[in-house]
There are 2 protein chains.
Amino acid sequence: MEISKTKAALYATLSSKKMRNRHGMFIVEGEKCVLDTLGAFDIVNILATPEWFGRHENIVSRYSDILLDTQSAVLAKISALSSPPEVMAVFRIPKDTVVPDLSGRLVLVLDGIQDPGNLGTIIRTADWFGVDVILASTDTVDIYNPKTIQSTMGSLKRVKVYYTSLQDVLRQYPDMPVYGTLLNGENIFHAGLSDSGFIIMGNEGNGISEEIRKFVTHPLLIPPYRKDSHGESLNVAIATAITLSTFRNY
Amino acid sequence: MEISKTKAALYATLSSKKMRNRHGMFIVEGEKCVLDTLGAFDIVNILATPEWFGRHENIVSRYSDILLDTQSAVLAKISALSSPPEVMAVFRIPKDTVVPDLSGRLVLVLDGIQDPGNLGTIIRTADWFGVDVILASTDTVDIYNPKTIQSTMGSLKRVKVYYTSLQDVLRQYPDMPVYGTLLNGENIFHAGLSDSGFIIMGNEGNGISEEIRKFVTHPLLIPPYRKDSHGESLNVAIATAITLSTFRNY
């Protein structure tokens, strides 16, 4: 079935967070990301050029009732990417956001990450290191932002992100260690690290916020190799990766 | 002095690699990046709003002959950023690109990195881990790309990047170990790692090229934490960070 003008116009608005929340839907673009995300969320529609559908019979037979033939020019209007893909999919934003029991788990906690690409890369990295629950402060950038989705490379299928009051959750687990990278922290490469607990990563410019810093029981530091000559800081996705790989060190 | 229309038009072309190479100049945007980069390259002009100059007397007195008063609207035309800054600087691209003696050093080698943000983040990370020489294949994205410059956060001052034939350089050091992340590599967390040698990172989609793979004497692997459930790969800047931190493990 050909996509209607109304639907094309609706889907084009989903690059905005406000409209994603109003309609409860988000878009995943490009063959790899679409195929990786199928099964992770309820699907609404698959939009592709007739040529793309022609090359993907397994998708066509399985999802026949929700396919929308969409010309390249229309895909370009809906796309948030500079090079619009031949296929995209519209998914429903899940409504249940009840944080599961976190006892005994290694949990990544994001306190105000602002850059969508950083968030996506962090999710992809958490997936690699077997961390499948992420708590995000409510001022963290939206995971359904097109740039975030693109940088996760399909990892949202395995990694669940919960937007919540970090303080409320941290208060519920007074016995679990809370790690956070702080300027006065212990060299992470020499620190004793537990295989469960919370690992807090802060905002790109300001680090961990005042309110959340109070919860940190184990301050950590990724020290620069040379004390006298180095950059000012690490990118937050990079710092997350080094931290997770040091915790998992297997 | 007010910027001339001719200069504004010329500087606006420097977002293109072709024009950067033709004119031998590149632009650094934003207060932090400009201040960090001063002294690292020959400076041609500093462009800023009269208000910015008013707040930075030390810059004004030191660089009085090359300051150009530039209105916000003109800065916006020259800028490659979505939020144009109040200040930018034009530097000369250095001409000498003779690779220094690499014996006994830890050298990062980039084989066809395409994303400007990844390249900038890799340079920033290398700086943190005390790696100050990077070799880049000639098909690696340009370090003077505005997005790369922005993501380096001033690290180009300390880290030198040489575009060169990787094969030619690697052949000159037959006794130095050559590390590369490959699918059949040894778990990097258990491998014996030297404090000198070459660390090769490959292209985002295809990894290390056929020609360069032959030089790898020590294949390494950053294994996923769970064998049965994980993403397909790590972002190349993330993989570089984990590799460097594991080598430096101090």
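The preceding data block contains the structure.
Residues numbered from 1 in each chain as written. Chains lettered and ligands numbered in written order. Predicted model: local features only at pLDDT ≥ 70, side-chain atom pairs only at ≥ 80, totals over all residues. Heavy atoms only, no water.

A. Quick peek at the overall build of chain A. Counting its secondary structure elements, chain A contains eleven helices and ten strands. Taken over the C-alpha atoms alone, chain A extends approximately 60 × 40 × 35 Å along its principal axes. Within chain A, buried positions represent 55% of all 250 residues. In chain A, of all internal contacts separated by at least 6 residues, the share reaching a separation of at least 24 is 76%. (Helix = DSSP H or I, 4+ residues; strand = E, 2+ residues; numbered from the N terminus. Buried < 20%, exposed > 50% of the residue type's maximum accessible area, 1.4 Å probe, protein only. Contact = heavy atoms within 4.5 Å.)

B. Region of interest: the pattern of salt bridges. A full pass over the atoms with the stated rule returns 18 salt bridges over all chains. The closest approach of N and O atoms between Asp142 of chain A and Arg20 of chain A, which form a salt bridge, is 2.8 Å. With Asp142 of chain A in the loop between strand S6 (133-136) and helix H8 (146-152) and Arg20 of chain A in helix H2 (residues 17-23), the pair connects residues that are 122 residues apart, well separated along the chain. A relative accessible area of 9% means that Asp142 of chain A is categorised as buried. Exposure remark for Arg20 of chain A: the relative accessible area of 2% places this residue in the buried category. The salt bridge partner of Asp168 of chain B is Arg171 of chain B, with a shortest N-O separation of 3.5 Å. With Asp168 of chain B and Arg171 of chain B both in helix H9 (residues 166-171), this residue pair falls three residues apart, about one helical turn. Judged by its relative accessible area of 44%, Asp168 of chain B is partly exposed. (Salt bridge = Lys/Arg side-chain N within 4 Å of Asp/Glu carboxyl O.)

C. Here's a closer look at the relation of the copies chain B and chain A. For the pair chain B and chain A, the best superposition has an RMSD of 0.0 Å and corresponds to a rotation of 180 degrees with a translation of 0.0 Å parallel to the axis. As the rotation angle and translation indicate, the two copies are arranged about a two-fold axis. (Least-squares fit on C-alpha atoms with pLDDT ≥ 70 in both.)

D. A look at the pairing of strand S7 (residues 160-163) of chain A. Residues and elements named next belong to chain A. Here S6 pairs with S7 via four bridges, running parallel. Bridging across to S7, Leu135 finds its partner in Tyr162. Handedness of the β-α-β unit built from S6, H8 and S7 comes out right-handed. (Pairing = 2+ DSSP bridges. Right-handed = clockwise from strand over helix to strand, strands pointing away.)

E. Broad picture of the pairing of S6 of chain A. Residue and element names in this part refer to chain A. Burial of S6 is two-sided: the residues Val133 and Leu135 facing one way and the residues Ile134 and Ala136 facing the other way are all buried. Where strand S5 (residues 106-111) lies against S6, three bridges are found, and the strand directions are parallel. In the strand pairing of S6, Leu108 is matched with Ile134. The β-α-β motif built from S5, the intervening helix H7 (residues 116-128) and the parallel element S6 has right-handed crossover chirality.

F. Looking closely at the nonpolar core. In this structure, Ile46, Leu108 and Ile222 of chain A together with Ile46, Leu108 and Ile222 of chain B are the most contacted members of the largest nonpolar core, which totals 111 residues. Not counting residues up to four positions away in its chain, the partners in contact with Ile46 of chain B are Leu38, Phe53, Ile59, Tyr63, Ile66, Leu67, Leu68, Val87, Met88 and Ala89 of chain B. (Core = buried A, V, L, I, M, F, W, Y, C linked by side-chain atoms within 4.5 Å.)

G. Spotlight on the sheet that holds strand S8 (residues 178-187) of chain A. All names here are of chain A. Spatially, the six strands line up as an open sheet ordered S7-S6-S5-S9-S8-S10, and their pairing is parallel. Looking at the sheet topology across the chains shown, the edges are occupied by S7 and strand S10 (218-221). When the angles between neighbouring strand axes are averaged without regard to direction, this sheet yields 35 degrees. As defined by bridge partners, S5 adjoins strand S9 (residues 197-202) across six bridges and the pair is classed as parallel. Considered in S9, the bridge of Leu108 is made with Ile199. Contacting S5, S6 and S7, H7 crosses the sheet at an angle of about 175 degrees to S5. Most of the contacts of helix H11 (residues 236-248) go to S9, to which it runs at about 160 degrees, and overall it touches S5, S8, S9 and S10. (Axes fitted to C-alpha atoms, helices over the stretch in contact; angles between N-to-C directions.)

H. A look at the packing of H11 of chain A against helix H11 (residues 236-248) of chain B. Contact geometry of H11 of chain A with H11 of chain B gives a least axis separation of 9 Å together with a crossing angle of 50 degrees. On the basis of the axis angle, H11 of chain A is oblique to H11 of chain B. In this structure, H11 of chain A crosses over H11 of chain B, and the sense of that crossing is right-handed. On H11 of chain B, the residues touching Ala237, Ile238, Ala241, Ile242 and Ser245 of chain A of H11 of chain A are Ala237, Ile238, Ala241, Ile242 and Ser245 of chain B. In terms of residue class, the contact of H11 of chain A with H11 of chain B is built from eight nonpolar, two polar and no charged. (Parallel < 35°, antiparallel > 145°, perpendicular 65-115°, else oblique. Left-handed = near helix turned anticlockwise from the far one by under 90°. Nonpolar A, V, L, I, M, F, W, Y, C, P; charged D, E, K, R; others polar.)

I. Highlighting the side chain of Asn203 of chain B. Turning to its location among the elements, Asn203 of chain B is positioned in the loop between strand S9 (197-202) and helix H10 (210-213). Setting aside chain neighbours within four positions, we find Asn203 of chain B in contact with Asp111, Gly112, Gln114 and Ile208 of chain B.

J. Representation of the side chain of Ser155 of chain B in the model. Relative to the elements of secondary structure, Ser155 of chain B occurs in the loop between helix H8 (146-152) and strand S7 (160-163). Look at Ser155 of chain B and you get buried, because its relative accessible area is 0%. Within the structure, Ser155 of chain B has its side chain in polar contact with the side chain of Asp127 of chain B (distance 2.8 Å). Those residues within four positions of Ser155 of chain B in sequence are excluded, and the remaining contacts are Gly231 of chain A together with Ile123, Arg124 and Asp127 of chain B. (Polar contact = N/O pair within 3.5 Å; in protein donor to acceptor, adjacent residues only side chain to side chain.)

What is shown is where atoms sit, not what they do.
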